[in-house]
Amino acid sequence: MKLSVYLLSGIAALALPGVGMAQNAQPAQTAASSGASAAGQDQTPDIVVTGRPAGSGIRKLEAGYSVTTLSAQQIDVQNPKSTGDVLKSVPGVWVESSGGVGTSNIFVRGIPSTGDAPFVTVSINSSPVYGATGLSFLDQTALFRLDDTVANVENVQGGPAALFSDGEPGLTTNFLLREGHEHTEGDIKLTATDYGQRRIDGFISGKLADDLYYMMGGYVATGDSVRTANFDTEKGGQFTASITKKFSDGKLNVYARYTDDHGEWFLPFATAVPGINPGTYNAMNNYTRFQTIIVPGSAGSGATERVDLGSGRGWKGVVAGGNFNKDLGSGFSVADHFSYTNGTLQTTGLVPAGAGAITVATALASGNGTPGQTTVQTVDTGRTLASTDYVQQLGGWVVEKDLRSITNDLALNYDFSGHKLTAGYYFSHFSSDDAWSLGNTRWVSIGGEGDLVNLNNGTLGAFAISEFGTADENAIYLADSYNITEQLRLDAAIRYQDEKLHLIVLGNGTPNSLDDDRHSVPWTLGLNYRATHSFDIYIRASRGYHIPGFDDLRSQIGQLGTPAATSAPLDQNWSIQSYEGGLKYHQRGLDLALVGFYDKVNGAVYNDVGVPPVLAGSKTYGLEFDGSWTSSVGFGINANADLEHARTSDPLDPNFDGKWAERIPSYYVRVTPNYKFGTHETNAMVFATYEAIGKRYSDLANTQVLPAYATLSAGLQAEYQGFSFMVVGDNLTNSQGLTEGNPRFLAGPGVALPDNRPIFGRSFRFTVGYKF
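Because the structure is predicted, anything quoted here is derived from the model rather than measured.

Draft legend 1. Just the overall build of the protein chain, in detail. When helices and strands are tallied, the protein chain shows 5 helices and 43 strands. Each of the 772 residues in the protein chain was classed as buried or not, and the buried ones make up 60%. Counting only contacts in the protein chain whose residues sit at least 6 apart along the sequence, the fraction spanning at least 24 positions is 69%. If you sum the accessible surface of the protein chain, you get close to 28000 Å²; carbon and sulfur atoms cover 59% of it.

In structure tokens:
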């Protein structure tokens, strides 16, 4: 943290001598390194590298698969509160970002999931931040924080992405960092919110020597959240640096990023309790944040410790890597992408138990008090609750994951006779050493001051396992991009991947271990037709695989109290068969893409914590739209929409077969109109964003309904001679949309109120800055 403060101070100091240089000669920016430009000059990259063999660039129009790009300015306008928020602009992707800055539940094209983001790979400069995606209490967005060192982001759904790098069959989100250039440039920004968060951002880049360039930057932040807890629930910082060396026939770029940041983990709560504001209510406060729990990973010893549950989900670690490419001559070239990750991901929070919220009278009548108890008092404030007040059991959960990952993707290219042939080898070694403590339930008053209450909590208990998992993945792939004619291109690729997993679990003092070794053969085949210089048509078929991970092995050895017979067969991979076709148009400020798709998933496992796993596939078809228009008179619009028919496929179980896929809406629409204006010294833009989300179901059996809802946000961005100002209002209408229920909910005694997790209420963000 101190290092980040010192370096950001250095950025501010370096800004003054660089001002004249930046004004005398504005640097040319490439697609891979252009960042947020002046208001009114949004520069979305035209060249994309994600989903391409060896990261070779291709025009977005000609890519022949679904790809969505966002510039740094578009990210600013979106006003994301978390990394997952950014993905709301990707058609076919549904994001529940209501869990806080450090976590998101992300669903991709109807692929079955119960939470986190098991089908989302987050990459930095085309290298994944971790070797696996499907681990409990880990979505890869938790390992990545947004700041001004990001130039732009590319998003690819399935298709060719399942063949390269880590072979992701769902969504690959590739954050491309800024790089240094001939001239010094950078910015420094100060941000404040109406809910008490403060933040300083900055970056600087430039030239060190001939063909040698640098970039560094980061942020420091602290403050509360929209859900006020009356203490700083979100705080931390990040620092990123990169060095780029250019050669006459290639380039080397290396980067390193250190993050120490955490934010509260928000859980579902009983939104129907009288007096609760769903947009701002928080069960976490100074009465509930410090609790005694069973030591994580103590394996039945009964040892306890005092913890701060307000830490939420936080990542403290290093993500580093680089890429190298070189032209070898005679049509040959080589490219290599590598990454290294090492750190700790911690999750703490107040998790609702299964019975929901009940009145004090119901709690006493159900035997939850001590013998003869007739009233209930709060522990810290001593207030006597009314018989109609609500109480609930909340569990203090703590999960610590020590993560390590090394990846390398080496590719050799050969261009000849209209072919671009690529042969590659991908290697990944990753591990996760976990310590869990799930349970630790206590009675808490819901609403009011939210204090602990003196009902009978029983003996303190928890599911306190420790586990040690390691894995190695080796894959080879072969790809060819063949220009059959000047207008028609054939893309084909095949991959062979093998993964070996080893897991040791210590539960109740008994060690259990399991080894697993499996392989799969993903493939893709696509045609892209260049109808005109601005209009392309493509079709593509692909087959990808999701190899079961550590959590699936744990279920097999019965460490969640679930018989192995109800878990997924170990000899079965998840397979995702995908078909898609699309139309793309790009000319004179108009950029349009319309994609139709059909996905069939076999072997999927709905595996939520505390709920027996269910083996069920899915069938999904839909339409995705992504478009933008910029006029010569200042008006513009960005829009994306998704229509999906996602159904569970489980012919052996009529309770689930044909049901709506869990938590995935049938439609999602996002529209952002804007108007840009100004003078020769001033640029400004006003904008608004309307989102509409369809009805969903919180459970596989479709018994817990999450109604449709809509939100409205708006903002103003302005620049004058390098100085900038921005104000954004989020959820201006205070919409009370619900994004998640409680999968452990069982009807309790009396009339129990179920738990849901609403979106955040209305909030405002103010930013001032200086760009040089």
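Draft legend 2. Structural context of unusual backbone geometry. Not every positive phi belongs to a glycine, and Ala54 is a case in point at roughly 60°. Position of Ala54 relative to the elements: it lies in the loop between β1 (47–48) and β2 (58–59). Here the phi dihedral of Ser126 falls at roughly 75°; this positive angle occurs in a residue that is not glycine. With respect to the helices, strands and loops of the structure, Ser126 is situated in the loop between β6 (120–124) and β7 (127–128). Judged by relative accessible area, which is 19%, Ser126 ranks as buried.

Draft legend 3. Local environment of the packing of aromatic side chains. Overall, the coordinates contain 17 aromatic pairs when judged by the stated rule. Taken together, a centroid distance of 5.0 Å and an interplanar angle of 55° make the contact between Phe269 and Tyr281 tilted. Here Phe269, found in the loop between β14 (250–263) and β15 (290–294), pairs with Tyr281, found in the loop between β14 and β15; they are 12 residues apart in sequence, far enough to count as distant. Comparing Phe269 with Tyr281 shows no difference in burial state: the two are buried. Plain terms: the ring middles of Phe723 and Tyr770 are 4.7 Å apart, the flat faces sit at 50° to each other, and that makes the pair tilted. Of this pair, Phe723 sits in strand β40 (residues 723–730) while Tyr770 is found in strand β43 (residues 763–771), placing the two residues 47 residues apart along the sequence. Residue classification places Phe723 among the exposed positions, given a relative accessible area of 51%. Linked through ring pairs, Phe137, Trp265, Trp397, Trp436 and Phe463 together constitute an aromatic cluster. Arg178 extends its terminal NZ or CZ atom over the ring of Phe203, reaching a point 4.1 Å from the ring centre. Arg647 extends its terminal NZ or CZ atom over the ring of Trp660, reaching a point 3.4 Å from the ring centre.

Draft legend 4. Spotlight on the sheet that holds β6. Pairing within the open sheet is mixed, and its 5 strands lie in the order β3-β8-β9-β6-β7. Across the chains shown, the open sheet's two edge strands, defined by having one partner strand only, are β3 (67–71) and β7. Relative to strand β9 (residues 171–177), β6 runs parallel, the two being bridged by 5 bridges. Along β9, the bridge assignment pairs Val120 with Leu171.

Draft legend 5. Region of the structure containing the confidence of the model for the protein chain. Counting all residues, the mean pLDDT for the protein chain is 88, and 89% of those residues have values of 70 or more. Counted against residues more than four places away or in other chains, residues 559–571, with its pLDDT under 50, gives 29 contacts.

Draft legend 6. Representation of the pattern of salt bridges within the structure. If you walk through the whole model with that rule in mind, you get 40 salt bridges. Where salt bridges share partners, they join Asp46, Arg59, Glu62, Arg530 and Asp536 into one cluster.

Draft legend 7. Broad picture of the nonpolar core. Within the largest apolar cluster, 51 residues are counted, with the highest numbers of intra-cluster contacts made by Leu87, Val120, Tyr130, Leu143 and Phe550. Other than its neighbours up to four places away in sequence, Leu87 contacts Gln78, Val93, Val95, Ile106, Val120, Asn155, Leu171 and Thr173. Counting 21 residues, the second-largest nonpolar core is a separate cluster that includes Ala283, Ile293, Leu394 and Leu452.

Draft legend 8. Examining a nonpolar patch on the surface more closely. A cluster of nonpolar residues, Phe416, Leu421, Tyr425, Ile476, Leu478, Ile494, Tyr496 and Val521, forms a patch on the protein surface that exposes about 660 Å² of accessible area. The set of elements that each furnish at least two residues to the nonpolar patch consists of β21 (419–439), β24 (466–483) and β25 (488–507). Here Phe416 lies in strand β20 (residues 390–416).

Draft legend 9. Representation of the side chain of Gln78. Within the secondary structure layout, Gln78 lies in helix α2 (residues 72–78). Using a relative accessible area of 12% as the deciding quantity, one classes Gln78 as buried. At 3.2 Å, the side chain of Gln78 forms a polar contact with the backbone oxygen of Val86. Excluding its chain neighbours within four sequence positions, the residues that come into contact with Gln78 are Leu70, Asp85, Val86, Leu87, Lys88, Ser89 and Arg670.

Draft legend 10. Spatial organisation of the side chain of Arg530. Residue placement: Arg530 occurs in strand β27 (residues 523–532). Residue Arg530 is classed as buried on the basis of its relative accessible area of 19%. Looking at Arg530, its side chain comes within polar contact range of the side chain of Glu62, at 3.2 Å. Other than its neighbours up to four places away in sequence, Arg530 contacts Arg59, Leu61, Glu62, Gln487, Phe535 and Asp536.

Procedures and definitions
Residues numbered from 1 in each chain as written. Predicted model: local features only at pLDDT ≥ 70, side-chain atom pairs only at ≥ 80, totals over all residues. Heavy atoms only, no water. Helix = DSSP H or I, 4+ residues; strand = E, 2+ residues; numbered from the N terminus. Buried < 20%, exposed > 50% of the residue type's maximum accessible area, 1.4 Å probe, protein only. Contact = heavy atoms within 4.5 Å. Areas by Shrake-Rupley, 256 points an atom, 1.4 Å probe, with all protein chains shown as cover. Phe/Tyr/Trp six-rings, centres within 6.5 Å; stacked < 30°, edge-to-face > 60°. Lys NZ or Arg CZ within 6 Å of the ring centre and 35° of its normal. Pairing = 2+ DSSP bridges. pLDDT = per-residue confidence, 0-100. Salt bridge = Lys/Arg side-chain N within 4 Å of Asp/Glu carboxyl O. Core = buried A, V, L, I, M, F, W, Y, C linked by side-chain atoms within 4.5 Å. Patch = residues over 30% accessible without salt bridge, like charges linked within 9 Å, V, L, I, M, F, W, Y side chains within 5 Å. Polar contact = N/O pair within 3.5 Å; in protein donor to acceptor, adjacent residues only side chain to side chain.

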